[in-house]
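Listed below are the residues making up each chain.
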Amino acid sequence: MTNSTDTLDRLAAVIESRKPANGGDPEKSYVARLLHKGPDAFLKKVAEEAGETVMAAKDLQYGAGDAKALVGEVADLWFHSMITLAHFGLSPADVVAELARREGLSGLEEKALRKAQAREQGE
Ligand SMILES: N=c1c2ncn([C@@H]3O[C@H](COP(=O)(O)OP(=O)(O)OP(=O)(O)O)[C@@H](O)[C@H]3O)c2ncn1[C@@H]1O[C@H](COP(=O)(O)O)[C@@H](O)[C@H]1O
């Protein structure tokens, strides 16, 4: 079975190697091309892939799609999000660490905590 963290780490290393500072060639590499173009180019792709993820999920919801299509769109979304992270000097490990920090804390509890803190600061 594939180790998801290893796969993400390997992909992050490839993305890093495609940065202009590391000699990434926009003529030979899709990642290098996006990094060379800058944030507007890869952020547009993130927005596009997020929209396509929603559409693939809605197709599944209404019985018109297939699970493979949804997985493909989420893969595109993760991939372009990883290019965004790399541009800003971040990695999948940073996201995993954030999820680990949140582990076990209910979203409802976290929201109540945030609201209580905001109330305190407002007083
Ligand atoms: N995981 C991916 C990956 N996922 C998606 N894509 C590309 O992302 C592009 C955008 O997806 P779309 O579905 O929007 O395709 P499109 O219609 O051609 O879109 P436009 O680019 O024309 O806007 C496509 O060209 C896909 O091939 C990827 N390209 C590369 N990788 C990984 O990145 C590595 C480095 O790639 P290069 O930098 O190209 O060598 C590869 O070895 C892979 O591991």
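Every chain begins its residue count from 1, and numbering advances along the sequence as written. Local features are withheld for residues below a pLDDT of 70 in this predicted model, meaning they are given only at 70 or higher, and side-chain atom pairs are given and counted only at 80 or more; totals for whole chains, interfaces and linings count all residues. Side-chain figures throughout are based on the complete set of non-hydrogen atoms in the structure, without hydrogens or water.

Trainee: Which residues make up the overall build of the protein chain, and what are the values?
Mentor: Helix and strand definitions here come from DSSP, where helices need a minimum of 4 consecutive H or I residues and strands a minimum of 2 consecutive E residues; each element is numbered from the N-terminal end. For the protein chain, the helix and strand inventory stands at six helices and zero strands. Ordering the α and β elements of the protein chain from the N terminus gives α-α-α-α-α-α. Against the globule reference of 14 Å for 123 residues, the protein chain gives a C-alpha radius of gyration of 18 Å, more extended than a compact globule. A 1.4 Å probe rolled over the protein chains alone gives each residue an accessible area, and that area as a share of the maximum for its type sets the label: buried under 20%, exposed over 50%, partly exposed in between. Counting all 123 residues of the protein chain, 20% fall into the buried class. In what follows, residue pairs with any heavy atoms lying within 4.5 Å of each other are defined as contacts. Long-range contacts, defined as pairs at least 24 residues apart, comprise 49% of the intrachain contacts of the protein chain with a sequence gap of at least 6. Values of accessible area rely on a 1.4 Å probe in the Shrake-Rupley scheme; residue burial ignores everything except the protein chains shown. Summing over all exposed atoms, the protein chain offers an accessible surface of approximately 8900 Å²; the carbon and sulfur share of this is 58%. When charges are counted, Lys and Arg are positive and Asp and Glu negative, with His and the chain ends excluded. For this purpose, a charge sits on NZ of Lys, CZ of Arg, CG of Asp or CD of Glu. For the protein chain, the separation between the mean place of its 16 positive charges and that of its 20 negative charges on side chains is 2 Å. In this description the radius of gyration comes from C-alpha coordinates, and the expected globular size is given by 2.2 Å times residues to the power 0.38.

Trainee: An account of the nonpolar core is needed here, citing residue identities and associated values.
Mentor: As used here, the term nonpolar core means buried Ala, Val, Leu, Ile, Met, Phe, Trp, Tyr and Cys residues forming a set that is joined through side-chain atoms within 4.5 Å. Core analysis: the biggest nonpolar cluster contains 11 residues, these being Ala12, Ile15, Val31, Leu34, Leu35, Ala41, Phe42, Phe79, Met82, Ile83 and Ala86. Of all the secondary-structure elements, those providing two or more residues to this core are helix H1 (4-17), helix H2 (30-37), helix H3 (39-61) and helix H4 (67-87). At four residues, H4 tops the list of elements feeding residues into this core. The residues contacting Leu34, other than those within four sequence positions of it, are Ala41, Phe42, Lys45, His80 and Ile83.

Trainee: I'd like a description of the packing of H2 against H4, backed by residues and values.
Mentor: Lines fitted to C-alpha atoms define the axes, with helix axes restricted to the stretch in contact, and inter-axis angles between N-to-C directions lie between 0 and 180 degrees. Between H2 and H4, the shortest axis-to-axis distance is 11 Å and the interhelical angle comes to 50°. When the axes of H2 and H4 are compared, the pair comes out oblique. Crossing of H2 over H4 shows right-handed handedness. On the side of H2, the interface is formed by Tyr30, Val31, Leu34 and Leu35, while H4 contributes Phe79, His80, Ile83 and His87. Gly is put with the polar residues, along with every residue not named as nonpolar or charged; the nonpolar set is Ala, Val, Leu, Ile, Met, Phe, Trp, Tyr, Cys and Pro, and the charged set is Asp, Glu, Lys and Arg. In terms of residue class, the contact of H2 with H4 is built from six nonpolar, two polar and no charged. Should an angle lie under 35 degrees it is considered roughly parallel, over 145 roughly antiparallel, and from 65 to 115 roughly perpendicular; all remaining angles are considered oblique. For a crossing to be left-handed, the near helix must be turned anticlockwise from the far one by less than a right angle; the clockwise case is right-handed.

Trainee: So what's going on with the pattern of salt bridges? Residues and values would help.
Mentor: Whenever a carboxyl oxygen of Asp or Glu lies within 4 Å of a side-chain nitrogen of Lys or Arg, that contact is scored as a salt bridge. If you walk through the whole model with that rule in mind, you get seven salt bridges. For the salt bridge of Lys45 with Glu48, the shortest nitrogen-to-oxygen distance reads 3.0 Å. A residue pair is termed a helical-turn pair when its members lie 3 or 4 positions apart in one helix, as Lys45 and Glu48 do in helix H3 at three residues. Residues participating in the shared-partner salt-bridge network are Lys45, Glu48 and Glu49.

Trainee: An account of the site of the ligand is needed here, citing residue identities and associated values.
Mentor: In the neighbourhood of the ligand, the contacting residues comprise Leu11, Val14, Arg18, Ser29, Tyr30, Val31, Lys45, Glu48, Glu49, Asp76, Phe79 and His80. We define a polar contact as two N or O atoms separated by no more than 3.5 Å, with the added condition that, inside protein, one atom must be a possible hydrogen donor and the other a possible acceptor, whereas residues neighbouring each other in sequence contribute only through side-chain atom pairs. In this structure, an oxygen atom belonging to the ligand sits 2.5 Å away from a side-chain N or O atom of Ser29. Measuring from an oxygen atom of the ligand, one finds a side-chain N or O atom of Lys45 at 2.6 Å. Summarising the interface, the protein chains cover 48% of the accessible area of the ligand, which totals 830 Å² for the free molecule. Distances are taken per atom, and a residue is near a molecule or strand as soon as one of its heavy atoms is within 4 Å of it.

Trainee: Before we move on, could you go through the environment of Pro39 and cite the residues and values that matter?
Mentor: Positionally, Pro39 belongs in helix H3. When sequence neighbours within four positions are dropped, the list of residues in contact with Pro39 reads Lys44 and His87.

Remember, this is a structural readout, not a statement about activity or role.
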